[in-house]
Amino acid sequence: HSCVSDQTDLSRSSKIHHSLKLANAKPKIKDTKRVAQIARMADIKQGGGTTDRFRSINPINVKLIGTEIVHQFHLRVAADPDFVQKSIVEVVFAILMQFTAEVGRRGIGGILPEIDFVIAGILTAIAGKYYSMWKVAKTLSTGGDDYENKPSVDLSSWRSKVPTNAFQDTLFDGKTKPNVWHRLASFILPMPSLFRAGFIASSLGYGFIALLILLRTLMFPAYEVVTVNMNILHASLYTGAFMAIVSNVRYQVLQGIVEPKIIDRFFVRTPTLRKIMISFVRLANGLLGSYLAITGMKFFGLQRLK
C-alpha cells in the first residue's frame, strides 16, 4: 500500500512539474508572430485619435496597412457622406488653384522661365493639400460590419478623446463631447505628421525638378537656368512647417465650421446650391493656400531669379 501511495505521489508530482514546464516554455516562432500580429491589431482597435496609428504597423504587412487605410476612409465617410466628392474636388482644385496662383504671382511671362518652380509647386500642392484635408477631417464610428477587422470604439485613453477635427461636435463614438483642452490638442497632435508629409512631398517634388534641370543642362549645354538653384532642405523645412501650421488651421476651420455649421445649415433644403457653395469655398481655400505658400517662399528667398 505504501509503494502504491509513493507511486501516486510521484505521478502527481511529475504531472505538476510537466505543467509548470509547459507554462514557462517560450512560444514557438509561429506563436510569436501571431502574438505580434494580435498586438498590432489591438493597437489599431483603439478608437479616437489617429496621429500615431501607423507606428504600430509593420511596414511590410501591406494587408494590415490597407485595412487601416480603408478603416480611416470609412470613418471620414461616416462623419461626412460627401467626403469622396470633396476629395475629388480638392485634388482638381489643388492643380487649378496652384497654377492660377503661380500665374498671379509670376505673371504669364514668368511661367516658362520659372517652370521648375511652377511644376514643383503643383506637385507638392496636390500631395500637401489632400493630406491636410485627410488628416484633420471629421471622423465617426461606422457602427457596421461592412469590412474586416472593424475597430471597436474605445475612449479610455487620453489620446482617443482628442477629435481629429477641433470643431466637430462629438468624439469618435458619436456621443461624447470633447472638452476645450481636447479641442486645442486637435491642432497640436496632427502637426508632426503634417510636417513629415510636407517635408517628404516637397523633397520629392523639388528633388524631381532638380533632376530634370540637371538632365536638361547635360543634354543642352547652351541652356541657362534663369532661376537660382533652390536649397531643397530649406524648401522642405518650409513646406513642412507651412502644412503643420497654416494648412492645419485652414482645413480645421473649413471642415469643422464653414462647411458643417454654415453651408450645411443654411443650404440644407437646396442640395444643388449647397454643392456649389462647397465647391466655391474649397476653391477659395485652395487659392488662399497657394498664394500664402508662394508669398512665403519668396519672402524667405527660397524662390528667386538670378
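Please refer to the structure higher up on the page.
Residues numbered from 1 in each chain as written. Predicted model: local features only at pLDDT ≥ 70, side-chain atom pairs only at ≥ 80, totals over all residues. Heavy atoms only, no water.

Caption draft 1: Looking closely at the overall build of the protein chain. The helix and strand inventory of the protein chain stands at 9 helices and 0 strands. Listed by position from the N terminus, the elements making up the protein chain come as α-α-α-α-α-α-α-α-α. Buried residues in the protein chain amount to 39% of all 306 residues. The long-range share in the protein chain, meaning contacts at least 24 apart out of those at least 6 apart in sequence, stands at 72%. Surface exposure of the protein chain reaches about 17,500 Å², of which carbon and sulfur atoms provide 68%. (Helix = DSSP H or I, 4+ residues; strand = E, 2+ residues; numbered from the N terminus. Buried < 20%, exposed > 50% of the residue type's maximum accessible area, 1.4 Å probe, protein only. Contact = heavy atoms within 4.5 Å. Areas by Shrake-Rupley, 256 points an atom, 1.4 Å probe, with all protein chains shown as cover.)

Caption draft 2: Fine view of the packing of helix H8 (residues 232-266) against helix H9 (residues 271-299). One can describe the packing of H8 onto H9 by two numbers: an axis separation of 11 Å at closest approach and a directional angle of 160°. By the angle between their axes, H8 is roughly antiparallel relative to H9. In the packing of H8 onto H9, the handedness of the crossing is right-handed. Residue composition of the contact of H8 with H9, grouped by class: 15 nonpolar, 5 polar and 5 charged. (Axes fitted to C-alpha atoms, helices over the stretch in contact; angles between N-to-C directions. Parallel < 35°, antiparallel > 145°, perpendicular 65-115°, else oblique. Left-handed = near helix turned anticlockwise from the far one by under 90°. Nonpolar A, V, L, I, M, F, W, Y, C, P; charged D, E, K, R; others polar.)

Caption draft 3: Representation of the environment of proline 163 in the model. Mapping proline 163 onto the fold places it in the loop between helix H5 (115-135) and helix H6 (180-188). Residues proline 163 and threonine 139 lie 24 residues apart in sequence; the distance between their C-alpha atoms is 7.7 Å. Setting aside residues up to four positions removed in sequence, proline 163 forms contacts with Gln168, Leu171, Pro178, His182 and Ser186.

Caption draft 4: Spatial organisation of empty space enclosed by the protein. For the structure on display, the rule yields 3 cavities of 30 Å³ or more. Roughly 240 Å³ of volume is contained in the largest cavity. Surrounding the largest cavity, 21 residues form its lining, Thr124, Ala125, Thr239, Phe242 and Ala293 being those nearest its centre. Within the residue set of the lining of the largest cavity, elements represented by two or more residues are helix H4 (83-106), H5, H8 and H9. (1 Å grid on protein atoms, 1.4 Å probe; cavity = no way out; pocket = protein on both sides within 12 Å on 5 of 7 lines; lining within 4 Å. Points joined across faces, edges and corners; volume = space filled by probe spheres on them.)

Caption draft 5: Fine view of the packing of H4 against H5. Between H4 and H5, the shortest axis-to-axis distance is 9 Å and the interhelical angle comes to 150°. Pair H4 / H5 crosses with right-handed handedness. Facing Phe83, Lys86, Ser87, Glu90, Val91, Ala94, Ile95, Met97, Gln98, Phe99, Glu102 and Arg106 of H4, the residues of H5 in contact are Phe117, Val118, Gly121, Ile122, Ala125, Ile126, Lys129, Tyr130, Met133 and Trp134. Taken together, the residues of the contact of H4 with H5 break down into 14 nonpolar, 3 polar and 5 charged.

Caption draft 6: Spatial organisation of the pattern of salt bridges. Scanning the entire structure with this criterion turns up 7 salt bridges. Between lysine 261 and aspartate 169 there is a salt bridge whose closest N-O contact spans 2.8 Å. With lysine 261 in helix H8 and aspartate 169 in the loop between H5 and H6, the pair connects residues that are 92 residues apart, well separated along the chain. Take lysine 261: its relative accessible area is 27%, and that puts it in the partly exposed class. Judged by its relative accessible area of 46%, aspartate 169 falls in the partly exposed class. When the shortest N-O distance is used, the salt bridge between arginine 282 and glutamate 259 registers 2.8 Å. Linking arginine 282 in helix H9 with glutamate 259 in helix H8, this pair joins segments that are 23 residues apart in sequence. According to the relative accessible area criterion, arginine 282 is buried, its value standing at 1%. Members of the salt-bridge network, linked through shared partners, are Asp80, Lys86, Glu90, Glu259 and Arg282. (Salt bridge = Lys/Arg side-chain N within 4 Å of Asp/Glu carboxyl O.)

Caption draft 7: Expanded view of the side chain of glutamine 72. Positionally, glutamine 72 belongs in helix H3 (residues 62-79). Side-chain polar atoms of glutamine 72 contact the side chain of arginine 76, separated by 2.9 Å. (Polar contact = N/O pair within 3.5 Å; in protein donor to acceptor, adjacent residues only side chain to side chain.)

Caption draft 8: Fine view of the packing of aromatic side chains. Summed over all chains, the structure comprises 8 aromatic pairs. An aromatic cluster is present here, built from Phe73, Phe83, Tyr130 and Trp134 joined pairwise through their rings. Directly above the aromatic system of tryptophan 134 lies the positively charged group of arginine 76, at a separation of 4.6 Å from the ring centroid. (Phe/Tyr/Trp six-rings, centres within 6.5 Å; stacked < 30°, edge-to-face > 60°. Lys NZ or Arg CZ within 6 Å of the ring centre and 35° of its normal.)

Caption draft 9: Just H4, in detail. Given a rise of 1.5 Å per residue, 24 residues ought to cover 34 Å, and the 33 Å separating the end C-alpha atoms of H4 matches this to within 8%. Maximal helix bending in H4 amounts to about 25°, located at phenylalanine 93. Taken together, the buried positions of H4 are occupied by Phe83, Lys86, Ser87, Val89, Glu90, Phe93, Ala94, Met97, Gln98, Ala101, Glu102 and Arg106. Two residues or fewer past H4, glycine 107 is found with a positive phi of approximately 85°. (Expected span 1.5 Å × (residues − 1). Bend = angle between axes of the 7 residues up to and from the residue.)

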